[in-house]
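# Descriptive structure summary
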Amino acid sequence: MIKFLLMVNKQGQTRLSKYYEQVELGKRAALEADVVRGCLARRKEECSFVEYKDYKLVYRQYAALFIVVGITENENELSIYELVHNFVEVLDKYFSRVSELDIMFNLDKVHIILDEMIINGHIVETNKNRILAPLLALDKMAES
Amino acid sequence: MSDVVEKTLTALPGLFDSQTGAAKITNRLKQLIKSITELTSKHEEENLMKQELSAMKEQVSSPNTTMKQMREVMVRAMYCEMLGYDASFTYIHAIKLAQQGSVLEKRVGYLAVSLFLSEGHELLLLLVNTVLKDLQSTNLIEACMALTVVAQVFPKDMIPAVLPLVEDKLSHPKEIIRRKAVLALYKFYLIAPNQVQHIHAKFRKALCDKDPGVMTSSLHIYLQLIRESPDDYKDLTGSFVAILKQVVGGKLPMDFNYHNVPAPWLQIQLLRILSLLGREDQSTSELMYEVLDESLRRAEMNHNITYAILYECVKAVYTIHPKAELLEKAARCIGNFVLSPKINLKYLGLKALTYVVQHDAKLALQHQMTIIECLDHSDFTIKRETLELLFRITNAQNVTVIVEKMLDFLRGCNDEHTVIHLVGKVAELAEKYPFHSLTGRLLQRMTLSRVHKKYISSYKINTNLLCVSFYFTSYVPIITLTFAPDNSWFIQTMNDVFSIGGDLLQQDVPNNFLRLLAEGSESKEEDDELRLYAVDSYLTVLKGDTSHLPQRFLQVMSWVLGEYSDLQECVDQREVIRLLTKLLDQRSVTSETRVWILSALTKISEGQTDLILDLSESLSYSQDTVLRQQAQELRHLSRDSQLHEWALPRGAPWDSMEVDSSLSFLDGFVSEALAAGAAPYKPPHQRQEELCEERALNLEPYSFSLPVSLSSCSITDRQSPTMLSVSSGISGNSTELSQKAGSSTVILEGVKRVWGKDGYLPQKETAATAPPVDKPSIAVQSSGQQEAAERTEPQPEPPMQNQDKQQLASSLFVGLGAQSSISLLGKSEAPPPRFRKKPRPHESSSSSGTSERSSVSSSRSSHSTTDGFLYGSLLEEEPATSISGVDHTPKSTTANGLGQNKHTDGDRRTNTSQILGSDMVIVRPNTIQDKYPSSVSSDLTALLPPDLKDLPHSDVISLTSDPSLSLASCRVFRDEALLLVIFICNCTETVIKDVAVQLTCEELQTASLRGNVVDCLEGRSTSVCHYALLMDDPHTNVSFTGTVSYQTQPGHTNTLSFSGTLSTADFIRPLVVTTEEYGKLWLSLSHDVKQNLKLLTAAGDPLRTTLNALKDALQLHVVDIIGSEGIVACRLLSGAPCLLHCRVNGAALAMWLRSPHPALPDCILYHCQRALAEH
């Protein structure tokens, strides 16, 4: 099960956070700082999975942006690693060449995309067209 | 991948100037984002957020703020919360935005709600109406977003309000709506499984949906359901296999592919489901061999995602009933992973191997060299995973090497969590393989300690001792060890554990260790030898620099020295006292540790008056009152050797310790206090009830006021004063049981001292006659030699490296080959049982034991199918209940859209019973006319239908009456439900028409209650109706209310209301188990409660009398009575067992209850108390 998904830049600033298990607001910052520290400390040739408390972290770096997913022990790390890439591909498709700024300026839309892919910590949709369909419909209605 | 993200911060100014593309952003949000990107310090961030929050506060309270602006405010609030700043004042506006905004704004409103409000937040209630409206909207997008939010957060209590609408959506023409409806139902299932019980059939329909997306969503539900009870879904195996076959075969539309692999995450999900279904089930497993083979074959493409699928496939192959050919392929697969140069794959390979070695340890042997390499890998994660793997293959022959490796790793590790975790494992291994003769008993303790880790750690050690359950002492595992590490290894390893683990260590590690030392084995000599090792080792440690030693270690050392230092005859006791006193002067030593040290000093103080007096003198000025008190006690004891002998007797065995659990010695004190006007003690239940009564408003006019359920408080109550805990006090002869220890902090430290007292100490004469052991105090260091032959220390000399590795490998993997000689095909055989239980002597000898067991096994099987049986039998019995309306769902093996369309009628029965199952309560009108005129109070039980007459039932009590009707009820205890039988008597001479009974009860699944209608009740006749009731969550008492409506004249309806109470006791049935099963079950249960109850002393055998009284009152099953202890078992109708362990404790009955259900023990205890009080 997925416990949380974070997008953090190299400076350790959170760009997006989504928790699938309740974590108090006050504890999130510390958790995020820990998580980023853990991922930043790792070298390129090391594997993309780190143990963190009761979770496993799966992280993937895109330019200056890290996407980190906290999962439970019984989850398949590699499949989550690829899920992250699928997510980025979806963002890329929607924003056509996505950047950190796209994510910042469209925080709500990125969340809407994420909501289509992961619900309650489970992967619910991975088909790119279907993930984007509701958001595209929203955009269309907003335009008209 | 970097081509995906190319734009950098340099593009920032451009974006601000040109509001193009998706980035149509209003000024304030733009400003905020700009400021955030420019932040350089935490201080700046705080200022910015403060400003932003106050600006937002102003904006949301302004009436001129448009919805469009509100949407922007929401995004800004998301930023604030994301950075950790509370923006709770916007929550209500998020709900408003969801309610009033146009589409995109609405979506953002919902999004904000799902991000801000966690489950159970009270504001969520305000969302319900909006959701309801949007669910009914003809606008697809609105319905879609409402379903999305429902699947994320929704108040549990309001599920019934939206459930019908969500169910309707299951047959919506649009796939996305159906898909989201399934996800919403899944959410409902997670938070309130009872509410969606009746739509299991619809889940099946979703599984067979023509759209692959809908089918995929339903798999989440199935994975969950199958994990809970695989047996109920075996019939779906064929469907899952067929779906997987088609997915693997590329039958899905192209856009489901990810890098040319068809729906990989769906494949993974299906493989998980299959492995659950096939586990320990040969015939089901056989159905999936082909598709697993196909999956293994197809996934040859060189891409991460195919490896992810392969990993899942390998796990499935090793989980289900084994097939040699597949196992071989899977093993090859793992080999490829482990040997891969790609580090992520290597990791996954190790993880797979860790999983697989449990079934086939030989596989580790094949990859030993790789494992050795991974052990020295530079990547922390890889190392860690390798240690996990080694832990799994530990045996008596390689344990020293593996422990060594783990300790090496720990010494270089500074991650707190990893340290705690691994140190625990080292301690586990060390205790598991310590030395020959103790092994048997140690292993028992291992089982106990592992299962009760949580429990034990919350108690102090002395309690551990008391609660070593007697069920385990008679089991003697049969185990043969060819080579075992020795005493010194054990002590040295534990020293390492304590020094490395430090104060992060879980409390049960030192507890278990001390208990091992204290309880020892059959052989006094060996025990003493071990204790001697410990004493020597600690004296050496204490002579060195002690300032860096963790507190826990110091505590362990001082306890051991206090108890056993006199075993070591070549050490002067004065030296020991000096070393311990030195510790007291150390500033880093906490006051808790000081208490331990002082306790130790007290024990060995005899005859050393001068030293002790100095010490107590210096301590009597301490600021710490506990220390001061102890110093005082120490002084008194050292002056009076007789008192010392009485307070701290040497040599009594620990189990002869007498505990006055009724605290009778306090009687005088209590009566004095009462006389002085103190409030009498109330047991926690009583207090809780009173509390609830105060709190709960009684909204029902004229209805009973009843205590609210205890379940809400049961968990916090766990720390209740009823818990057995021995209070300290040298003064109190160290053994009295204090009921109040839990709540008092004054005596917090004493706990340890007492424990030490009686009995761990060797008997005086044995100590004297013990063979003189001439070990130098540095014996520890010589330890290595004995095992040098078997143990190979890898010396990293560059030219020899390879050879070293070989050597290490041989020492690491020793014993694996033999152990797994069955290898691949032998997988079905469980790993060699480490714990073989010897039947309890008195049972194995009696022939009745076997017959009892067989009867149990049959009752067991019926128990396991309780649900099906329950619904099934009700169904059969209730032909009147129409099943024609049941939506029969075809169990098609696959989705129509996938090209196949099969219909089987096989599960009509299952479906129907499921439908009925949701209603649970079935009303059966049985009208018996004219037979029993007039007097209602006469024996109404004679009116019970013949099939119920023989069942145990309660007395008939009158519920209500008016001039024309009178109602009475009776409880009939059926095995699978409580039948509430209601007798409706017509007291008039005329016919009463349209009699309808309506019963409601919150706690008993009222949603499923149905009224019972009798068209026509003749004068002076009585009609009988039943309600079969179940209780899912135990409540001490539940009240039901109801109305009966009837017409004496056409068009003129009278109603008559009634109410009554049912107690948990009505829903309890005996649970027939054998003592062994009981023991096993006991270990698996987590929630427990303890309390002392009244013992009925009237008859000859108080225990038997009391248990019989309880049995009569509560329908319990007395499993066994052994000496002063009795074990009793029962279950709640819905299945949760509750085990009771009763022990005569002075004039009281110490009862210890356990159940998987948190509230059940409390309820049962409450009723036991009452039953005994009434006796």
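Computed from a predicted model, the values in this text were never measured in an experiment. (Residues numbered from 1 in each chain as written. Chains lettered and ligands numbered in written order. Predicted model: local features only at pLDDT ≥ 70, side-chain atom pairs only at ≥ 80, totals over all residues. Heavy atoms only, no water.)

A few words now on the overall build of chain B. The number of helices and strands found in chain B is 52 helices and 19 strands. Here chain B holds 1175 residues, and 58% of them are scored as buried. Sequence separation of 24 or more characterises 70% of the internal contacts of chain B that already satisfy a separation of 6 or more. Surface exposure of chain B reaches about 49,400 Å², of which carbon and sulfur atoms provide 52%. (Helix = DSSP H or I, 4+ residues; strand = E, 2+ residues; numbered from the N terminus. Buried < 20%, exposed > 50% of the residue type's maximum accessible area, 1.4 Å probe, protein only. Contact = heavy atoms within 4.5 Å. Areas by Shrake-Rupley, 256 points an atom, 1.4 Å probe, with all protein chains shown as cover.)

Before going further, it helps to examine the packing of aromatic side chains. For any pair of aromatic rings, the description consists of the separation of the ring centres together with the inter-plane angle of the planes. Residues and elements named next belong to chain B. Within the structure shown, the criterion is met by 21 aromatic pairs over all chains. Centre to centre, the rings of Y91 and F116 are 5.2 Å apart; their planes meet at 25°, and the pair counts as stacked. Of this pair, Y91 sits in helix α5 (residues 91-100) while F116 is found in helix α6 (residues 103-116), placing the two residues 25 residues apart along the sequence. Exposure remark for Y91: the relative accessible area of 9% places this residue in the buried category. With relative accessibility at 9%, the residue F116 sits in the buried group. Geometrically, the ring pair formed by F380 and F409 is tilted, given 5.3 Å between the ring centres and 35° between the ring planes. Of the two residues, F380 is situated in helix α21 (residues 380-392) and F409 in helix α22 (residues 399-411); the sequence distance between them amounts to 29 residues. Owing to a relative accessible area of 9%, F409 belongs among the buried residues under this scheme. Following the ring pairs from residue to residue traces out a cluster consisting of F490, F498, F513, Y538 and F553. (Phe/Tyr/Trp six-rings, centres within 6.5 Å; stacked < 30°, edge-to-face > 60°.)

Turning our eyes to something else, we now look at the side chain of Q551 of chain B. All names here are of chain B. Position of Q551 among the secondary structure elements: in helix α31 (residues 551-564). Taking relative accessible area as the criterion, Q551 reaches 11% and is therefore assigned buried. Not counting residues within four places of it along the chain, the set of residues in contact with Q551 comprises D503, S588, V589, T590 and T593.

Take a nonpolar patch on the surface next. Residue and element names in this part refer to chain B. Nonpolar side chains collect at one region of the surface, where F665, L666, F669, V670 and L674 lie side by side and expose about 460 Å² of accessible area between them. Looking at the secondary structure, you find L666 in the loop between α36 (641-647) and α37 (667-675). Judged by its relative accessible area of 32%, L666 falls in the partly exposed class. (Patch = residues over 30% accessible without salt bridge, like charges linked within 9 Å, V, L, I, M, F, W, Y side chains within 5 Å. Salt bridge = Lys/Arg side-chain N within 4 Å of Asp/Glu carboxyl O.)

Tallying the contact residues gives 74 residues for chain A and 82 residues for chain B. Interface of chain A and chain B: buried area, both sides summed, is about 6,900 Å²; carbon and sulfur atoms make up 58% of it. The largest contributions to the chain A side of the interface with chain B come from L78, F105 and R130 of chain A, which together make up 10% of the buried area. Applying the counting criterion to the chain A and chain B interface returns 11 salt bridges. Between E125 of chain A and R179 of chain B there is a salt bridge, with the nearest N and O atoms lying 3.0 Å from each other. One can count 35 residue pairs in polar contact (both at pLDDT 80 or more) joining chain A with chain B. (Buried area = accessible area lost by both parts, 1.4 Å probe. Polar contact = N/O pair within 3.5 Å; in protein donor to acceptor, adjacent residues only side chain to side chain.)

Bringing the confidence of the model for chain B into the picture now. Residues and elements named next belong to chain B. Overall, the prediction assigns chain B a mean pLDDT of 72, with 71% of residues at 70 or greater. The weakest mean pLDDT in chain B belongs to helix α27 (residues 470-473) at 31; the strongest belongs to helix α14 (residues 264-278) at 95. Scored below 50 in pLDDT, residues 435-484 shows 130 contacts in the model against residues more than four places distant or in partner chains. Confidence drops under a pLDDT of 50 for residues 818-938, and excluding neighbours within four residues, the segment shows 212 contacts in the predicted structure. In the predicted assembly, ipTM is 0.97 and pTM is 0.59. (pLDDT = per-residue confidence, 0-100.)

On to unusual backbone geometry, then. A positive phi angle, near 50°, is found at A63 of chain A, a position not held by glycine. Along the polypeptide, A63 of chain A turns up in the loop between β4 (55-62) and β5 (65-71). Even without being glycine, D994 of chain B reaches a positive phi, approximately 50°. With respect to the helices and strands, D994 of chain B occurs in strand β9 (residues 992-1000). Using a relative accessible area of 36% as the deciding quantity, one classes D994 of chain B as partly exposed.

A complete count under the given rule lists 52 salt bridges over all chains for this structure. In this structure, D34 of chain A engages R37 of chain A in a salt bridge whose closest nitrogen and oxygen atoms are separated by 3.2 Å. Taken together, the residues D34 of chain A and R37 of chain A, both in helix α1 (residues 25-40) and three residues apart, mark about one turn of the helix. A residue is classified by how much of its surface remains accessible, and D34 of chain A, at 28% relative accessible area, is partly exposed. The closest approach of N and O atoms between E45 of chain B and K42 of chain B, which form a salt bridge, is 3.2 Å. Residue E45 of chain B and its partner K42 of chain B are both found in helix α3 (residues 42-61); the two are separated by three residues, about one turn of the helix. Each of R42, R43, E45 and E46 of chain A together with D379 of chain B takes part in a single network of salt bridges with overlapping partners.

The next point concerns the packing of helix α2 (residues 27-38) of chain B against helix α4 (residues 67-82) of chain B. Residue and element names in this part refer to chain B. As a packed pair, α2 and α4 sit with axes 9 Å apart at the nearest point and diverge in direction by 15°. The pairing of α2 with α4 is recorded here as roughly parallel in orientation. Here α2 and α4 pass one another in a crossing that is left-handed. Every residue of α4 that contacts α2 at R28, L29, L32, I33 and I36 is listed here: E72, V75, R76 and Y79. The residue inventory of the contact of α2 with α4, partitioned by class, reads six nonpolar, no polar and three charged. (Axes fitted to C-alpha atoms, helices over the stretch in contact; angles between N-to-C directions. Parallel < 35°, antiparallel > 145°, perpendicular 65-115°, else oblique. Left-handed = near helix turned anticlockwise from the far one by under 90°. Nonpolar A, V, L, I, M, F, W, Y, C, P; charged D, E, K, R; others polar.)

Right, let's get into the side chain of T1106 of chain B. Structurally, T1106 of chain B can be placed in helix α51 (residues 1102-1114). Dropping the residues within four chain positions of it, T1106 of chain B is found in contact with K1094, L1095, L1096, L1149 and L1172 of chain B.

Glancing now at the sheet that holds β5 of chain A. Residue and element names in this part refer to chain A. Judged by pairing direction, the sheet is antiparallel, and its five strands sit side by side in the order β2-β1-β5-β4-β3 without closing on themselves. The open sheet is flanked by β2 (14-19) and β3 (49-52), the only strands paired with a single partner. Neighbour-to-neighbour, the strand axes of this sheet turn through a mean angle of 20°, independent of strand direction. For β3 and β4, the ladder comprises four bridges, and the chain directions are antiparallel. Bridge pairing in β4 places F49 opposite V58. Across the sheet, helix α4 (residues 107-117) touches β1 (2-9) and β2, and the angle it forms with β2 is around 35°. (Pairing = 2+ DSSP bridges.)

Right, let's get into the environment of A133 of chain A. Along the chain, A133 of chain A falls in helix α5 (residues 128-143). When the C-alpha atoms of A133 of chain A and I113 of chain A are compared, they prove to be 9.5 Å apart, with 20 residues separating the residues in sequence.

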